[in-house]
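Summary of the model geometry
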Amino acid sequence: MRLDYILRRIGLFVFMVLMLSVFTFLLSFLFPGDALSNLSGIPSNNFAQHTQLEDKYLYNSNYFMQYIAFLGRILQGDWGLSFASGDSVFSQILDLIPATLELSIYALFVSVVIGVPSGILASAYYKQWPDKLISSTTMIGYSMPIFWLALLLIMLFSLQLGWFPMSGRMSLLYEIPPTTGFILIDISLANFPYQGMAFIDALHHLTLPTIVLAMYPTTVLIRFTRESMLKVMDQNFIKTARAKGLNRRQLIMHHALRNALLPVIKQIGLQFSTLITLAMITEIIFSWPGIGRWLIDSIYQRDYPAIQGGLMAVSLFIIFATIIAELIYTLFDPLSRNQAHGKV
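A brief look at the structure comes next. (Residues numbered from 1 in each chain as written. Predicted model: local features only at pLDDT ≥ 70, side-chain atom pairs only at ≥ 80, totals over all residues. Heavy atoms only, no water.)

Brief notes about empty space enclosed by the protein
- Counted under the stated rule, the structure contains one cavity of 30 Å³ or more.
- The space that makes up the largest cavity amounts to roughly 120 Å³.
- Around the largest cavity sit 15 residues that line it, and Leu-39, Phe-70, Ile-74, Trp-79 and Gly-80 are the ones nearest its centre.
- Those elements that provide at least two residues to the lining of the largest cavity are helix H1 (3–30), helix H2 (35–40), helix H4 (63–76) and helix H13 (304–332).
- Of the residues contributing to the lining of the largest cavity, the split by class is seven nonpolar, six polar and two charged. (1 Å grid on protein atoms, 1.4 Å probe; cavity = no way out; pocket = protein on both sides within 12 Å on 5 of 7 lines; lining within 4 Å. Points joined across faces, edges and corners; volume = space filled by probe spheres on them. Helix = DSSP H or I, 4+ residues; strand = E, 2+ residues; numbered from the N terminus. Nonpolar A, V, L, I, M, F, W, Y, C, P; charged D, E, K, R; others polar.)

Next comes the structure, spelled out in structure tokens:
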């Protein structure tokens, strides 16, 4: 991968982040109430405090100078204070984002493990009963709203069968020190007598949210992998290999699979961006203590500094995941590198 292409991707990332920061800055003036309070999270109840905030936020200067000061505070981690709790918005995001990332990463792992092999199997038995079964199941899963699926799984596996808990991240019986914020890793790092039981309990809490969150990207990956494999299997070099007497397994494993999975790699990265947004709904239903549920609660409470910070954090992760997915795809696909540099 050439350096100029990487620099262009970095430039695009910086531009998108700047546009995001401009939008976040303007929200303070678009929200109801005092813009200065929306920026800082501190109600200016007296004249002395109001004057201090005006000096700190350059409130009497023009909008450009206020925006430059806003960028400086963002880079320093000063994202204002929450109206609801009075705590730092940036600190709350740092505490909550690992739970959202953990759920999204596990759901993406499940999607890849199930989606890619299922798509390959469907393409290998094109228009036969495995393909029809997988395609029909995929269509049902793709059309199913995740909130309806979540409620259905809760009613069946939590309320009736009692196999899995319906909410939370961990039972109250265990107290795990938040070393990394990822519950399974924290349990592995902790040293206490009931470590194995705590690990199983955390897996039980993870199961239903992960299944619900993984449903949409799994169906997308199945369909995308199937179409990519069918497209590759129709190429001339595959027909030549088939004419030489190679069986289906040899065609797929040694010739078609590598070429078909290249666009799937990019799609996997794009699905991670989708998971971040879908996690907001999942976290609300399962009371998962992540940034999505916190952001929705902030909207209900009209906590404008928290809304700005949460939207900016989620958007940054989506932009970052999209750029990384494109870079990884370009790294593995020489043809896309040549097209990116304007070569034929």
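Overview of a nonpolar patch on the surface
- Among the surface-exposed residues, Leu-7, Ile-10, Leu-12, Val-14, Phe-15, Met-16, Leu-18 and Met-19 lie close enough to one another that they form a single nonpolar patch of about 680 Å² accessible area.
- By the secondary structure assignment, Leu-7 is in helix H1. (Patch = residues over 30% accessible without salt bridge, like charges linked within 9 Å, V, L, I, M, F, W, Y side chains within 5 Å. Areas by Shrake-Rupley, 256 points an atom, 1.4 Å probe, with all protein chains shown as cover. Salt bridge = Lys/Arg side-chain N within 4 Å of Asp/Glu carboxyl O.)

Structural notes on the layout of surface pockets
- Of the voids in this model, the largest pocket is the one considered here, and its volume is about 430 Å³.
- Along its surface, the largest pocket is lined by 19 residues, and Val-17, Ile-74, Leu-75, Trp-79 and Leu-316 are the ones closest to its centre.
- Counting residues per element, the lining of the largest pocket draws most heavily on H1, which supplies six residues.
- In terms of residue class, the lining of the largest pocket is made up of 18 nonpolar, one polar and no charged.

Describing helix H5 (residues 89–124)
- Taking 1.5 Å of rise per residue, the 36 residues of H5 would be expected to cover 52 Å, and the 51 Å separating its terminal C-alpha atoms lies within 8% of that figure.
- Measuring from the backbone nitrogen of Phe-90 back to the side-chain oxygen at the start of H5 gives 3.4 Å, which picks out Ser-88 as the cap. (Expected span 1.5 Å × (residues − 1). Polar contact = N/O pair within 3.5 Å; in protein donor to acceptor, adjacent residues only side chain to side chain.)

Looking at the packing of aromatic side chains
- Counted according to the given criterion, the structure contains 10 aromatic pairs.
- Taking 4.6 Å as the distance between ring centres and 20 degrees as the angle between the ring planes, the aromatic pair formed by Phe-31 and Tyr-304 counts as stacked. A residue pair is termed long-range when its members are at least 10 positions apart, and Phe-31 in the loop between H1 and H2 and Tyr-304 in helix H13 qualify at 273 residues. No difference in accessibility class separates Phe-31 from Tyr-304, as the two residues are buried.
- Among the aromatic residues, those joined into a cluster by ring pairs are Phe-25, Phe-29, Tyr-63, Tyr-67 and Phe-70.
- A cation sits over an aromatic face here: Arg-223 above Tyr-142, 4.7 Å from the ring centre. (Phe/Tyr/Trp six-rings, centres within 6.5 Å; stacked < 30°, edge-to-face > 60°. Buried < 20%, exposed > 50% of the residue type's maximum accessible area, 1.4 Å probe, protein only. Lys NZ or Arg CZ within 6 Å of the ring centre and 35° of its normal.)

Topic: the pattern of salt bridges
- All told, the structure shown has four salt bridges when counted by the stated rule.
- Arg-226 is paired through a salt bridge with Asp-131; the nearest N and O atoms lie 2.8 Å apart. In this pair, Arg-226 is assigned in helix H9 (residues 195–233) and Asp-131 in helix H6 (residues 129–143), connecting sequence segments 95 residues apart.
- For Asp-131, a relative accessible area of 3% translates into the label buried.
- Look at Arg-226 and you get buried, because its relative accessible area is 15%.
- A network of salt bridges, in which partner residues are shared, links Asp-131, Arg-226 and Glu-227.

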